[in-house]
Amino acid sequence: MLPSGCRLLSTVHSVLMDVIPEESEHQDFSRESITMEAYNVVPEPGGRTFQRFSVNTNESLRFEPCEESCPSPTGAEHGPDDVFEKGEYENEIVSIRNQLQGKVAEMENFAGHLEEIFLTVEENFGRQEQHLEQHYNDVLHTLSQRYDEGATGLQEEKKSKLESLYSQLLVCGQALDASKELIEMAQEIYRCQDKRFFLKTVMPIIKRVEEFAKEDIDLTLSTSLEFSTPLADLSDVKTMMDSINVVPAPSAPVINPQLPNSATQTSLHVCWSLFSDDTVEYYELYYRPVLEDMPADSTCAPQESKVKVKETHCTVTDLLPNAQYELWVMATNTTGISPASEKALYMTVPSPPVIKQRECSSCPEAALIRWESGNTNPVDSYTVELSEMGTVGTESNITESIVAVPTCQCLIQLQTGRQYLISVRAVNIGGPSDSSDAITISTTGTFFYLLEDTAHPCLSMSEDGFTIFYGDEEFPITAMAFEDNTFTRCVAILGDLIPVRGRHYWEVEVDNETEFRIGVAYEETERDSYLGANSSSWCMRHIRTPSRHKYEFLHNGWSPDLRITVHPVRIGVALDYDRGTLSFFNANLEQHLHTFHCRFQNDVHPCFSLDNPGALTVYNGIAARDYTFI
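The shown structure was predicted, so the numbers you read here are calculated from the model rather than taken from an experiment.

Trainee: Would you take a moment to explain the overall build of the protein for this structure?
Mentor: The number of helices and strands found in the protein is five helices and 32 strands. Across the 630 residues of the protein, 38% fall into the buried class. Partitioning the contacts of the protein with sequence separation of at least 6, the portion at a separation of at least 24 is 67%. When the accessible surface of the protein is split by element, carbon and sulfur atoms take 53% of a total near 37400 Å².

Trainee: For this particular structure, what's the right way to read helix 4 (residues 195–214)?
Mentor: Residue pairs three or four apart in sequence face the same way in an α-helix, which turns once every 3.6 residues. When the terminal C-alpha atoms of helix 4 are compared, their 28 Å separation across 20 residues agrees well with the 28 Å that a helix rising 1.5 Å per residue should span. For helix 4, the full list of buried residues reads T201, V202 and I205.

Trainee: What is the right way to read unusual backbone geometry from this model?
Mentor: Excluding glycine, a negative phi dihedral is what most residues carry, and trans is how most peptide bonds are arranged. Positive phi values are uncommon outside glycine, yet N556 reaches one of about 60 degrees. By the element assignment, N556 lies in the loop between strand 27 (549–555) and strand 28 (570–576). Assessed through its relative accessible area of 49%, N556 is described here as partly exposed. Non-glycine residue E590 carries a positive phi angle of around 55 degrees. Mapped onto the secondary structure, E590 falls in the loop between strand 29 (581–586) and strand 30 (591–597). Judged by its relative accessible area of 54%, E590 falls in the exposed class.

Trainee: In this structure, what is going on with the environment of T545? I would like to understand it.
Mentor: Within the secondary structure, T545 sits in the loop between strand 26 (537–544) and strand 27. Owing to a relative accessible area of 22%, T545 belongs among the partly exposed residues under this scheme. Residues T545 and E513, spaced 32 residues apart in sequence, show a C-alpha to C-alpha distance of 9.9 Å. At a separation of 2.5 Å, a polar atom in the side chain of T545 contacts the main-chain carbonyl oxygen of R548.

Trainee: Looking at this structure, I do not really get the sheet that holds strand 6 (residues 268–273). What am I missing?
Mentor: Pairing between the strands of a sheet is mediated by backbone hydrogen bonds and can be parallel or antiparallel. If you walk across this open sheet you meet the three strands as 5-6-9, and the pairing is antiparallel. Strands at the two margins of the open sheet, each flanked by one partner only, are strand 5 (254–255) and strand 9 (313–316). Looking at chain direction, strand 5 and strand 6 are connected through two bridges and run antiparallel. Bridge pairing in strand 6 links V254 to S273.

Trainee: What should I look at first to understand the layout of surface pockets in this one?
Mentor: In this approach, a probe sized like a water molecule rolls over the atoms, and the result shows the empty space that is left. Roughly 220 Å³ of volume is contained in the second largest pocket. If you trace the second largest pocket, you find 14 residues lining it, with V290, N322, A323, T376 and N377 closest to the centre. Broken down by class, the residue content of the lining of the second largest pocket amounts to six nonpolar, seven polar and one charged.

Trainee: What is the right way to read the packing of aromatic side chains from this model?
Mentor: Inspection of every chain in the model, using the stated rule, returns 14 aromatic pairs. Here F447 and Y449 contribute two aromatic rings whose centre-to-centre distance is 5.1 Å and whose plane-to-plane angle is 90 degrees, an arrangement assigned as edge-to-face. Take F447: its relative accessible area is 23%, and that puts it in the partly exposed class. Chaining the aromatic ring pairs together yields one cluster made of Y522, W538, Y577 and F600. K343 extends its terminal NZ or CZ atom over the ring of W328, reaching a point 4.6 Å from the ring centre.

So, how was this worked out
Residues numbered from 1 in each chain as written. Predicted model: local features only at pLDDT ≥ 70, side-chain atom pairs only at ≥ 80, totals over all residues. Heavy atoms only, no water. Helix = DSSP H or I, 4+ residues; strand = E, 2+ residues; numbered from the N terminus. Buried < 20%, exposed > 50% of the residue type's maximum accessible area, 1.4 Å probe, protein only. Contact = heavy atoms within 4.5 Å. Areas by Shrake-Rupley, 256 points an atom, 1.4 Å probe, with all protein chains shown as cover. Expected span 1.5 Å × (residues − 1). Polar contact = N/O pair within 3.5 Å; in protein donor to acceptor, adjacent residues only side chain to side chain. Pairing = 2+ DSSP bridges. 1 Å grid on protein atoms, 1.4 Å probe; cavity = no way out; pocket = protein on both sides within 12 Å on 5 of 7 lines; lining within 4 Å. Points joined across faces, edges and corners; volume = space filled by probe spheres on them. Nonpolar A, V, L, I, M, F, W, Y, C, P; charged D, E, K, R; others polar. Phe/Tyr/Trp six-rings, centres within 6.5 Å; stacked < 30°, edge-to-face > 60°. Lys NZ or Arg CZ within 6 Å of the ring centre and 35° of its normal.

Shown next, in the form of structure tokens:
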């Protein structure tokens, strides 16, 4: 008999073995607690006892301590917690359960695989059964045709023999009738008593008998009584019988149109199908780029490439971005190669756009983002993505997208006083491109760049694009390169278009020796006129005279009579579309200088002009001062 400690461990092991099948039968493995209910304590010889357990649920085992301790096999005294460690057995059961879960998952996968194989065998059997039935019907049809042909031949031969025998029978009947007639005539003459009549008629009768006797009567059969055995040509039947085990050459596959999001910048995922029950060993996918302006019959067509696959899909790699490719596929088996499928056109994903940061502008309510495609082939649309930056410069996890943008610019409504990271993706049938390099947009104030294409040839700009210079050198007019959009008379430049009609503020810094004009103007303002001298521009002008600084606030060539005693070094410009005002301030002194009142019919551009050599610096993207829009 085993020691009680060993029997106790054996009992626990048997309980665990009972738990395992129960857990394998229930795959949900609920988190209900498992308790071990104690049965009556069973006494063992020698006064030793142990406690039995039963399993109520399938989560974990919980052992209740025995009332009496069981001596260990070594004779040392151990409490029940030394024999049964709850955590140890729970971990063991969890490990076993995880193993069982893994085995169950493997068996489920294997069962699914077997099911797929079963369905495939069923489909293959159905196809082969249809194939054999078709061959059977074809053979029966061919044999029926051969039987009909043989029966028709026998009927024709029978008819020919009967006609020949009938003709011969007619000839024999005519000969018999003639001989019978001669015999009867001879008998009549023989019985005639008139000798003179006898002598007169006997000679013609004799001649007719002699002539009849000379005639050659063919008494042999004109045709054979045996029928010829036709040799049936069953070569095509034999060919059909031999072809039962021969796989026919496959028909042309059908290449599928390109699906959305089925490409990357350098790869295409292509799918095709067969509308027949052809057996195919492998496919050959051919592809080549489609070049623009290339004649269809050109001998300089791009070289085609080939990929060999066994599936009805393939991913083609090492391609050009935003390029159009022509693809076709052929199927091959042991019998031969199918015709080529019809050619399909696929597109790779475009290259990322390039944001033109110098052409982007913003204000507290919105931003105007411009970019260039960076792709030779046109794209379907663009997606603008923006995420708000936190106060410590971290990017938010929330990204908003503006989709289906048709052109290379987008006006985005934003919240005031925030910073955003903005990027752009190009989209075509193949999918979206990678994101462009992101730019940071702030909605603290109005931000814009100066438009270099409007600058007078005598103006130059700093590297950051916010300071303009008018040098001392004098160039003859013939040496200046004037473009259609450049100022030709006034040494001026425009700022980028402010995207939203609202409140906008920027500042300009100049020294007291520089003569300047600053303000706003319509985009179509006359390029051969001075700022403020026409009806499409409003400006503050500084004139340096030997005696004083003179300031004018010009529109359409007229200015009110104002005197400014303190020369403003930093000038604030406040534009309010809603109120129809354009105000100028001495930013250092917080002093109001002048306000134009005008309902601007169109959007205006900031404008800046230097009337003598000097420099002017624009400060934008700053918050409007408190007093500017009171």
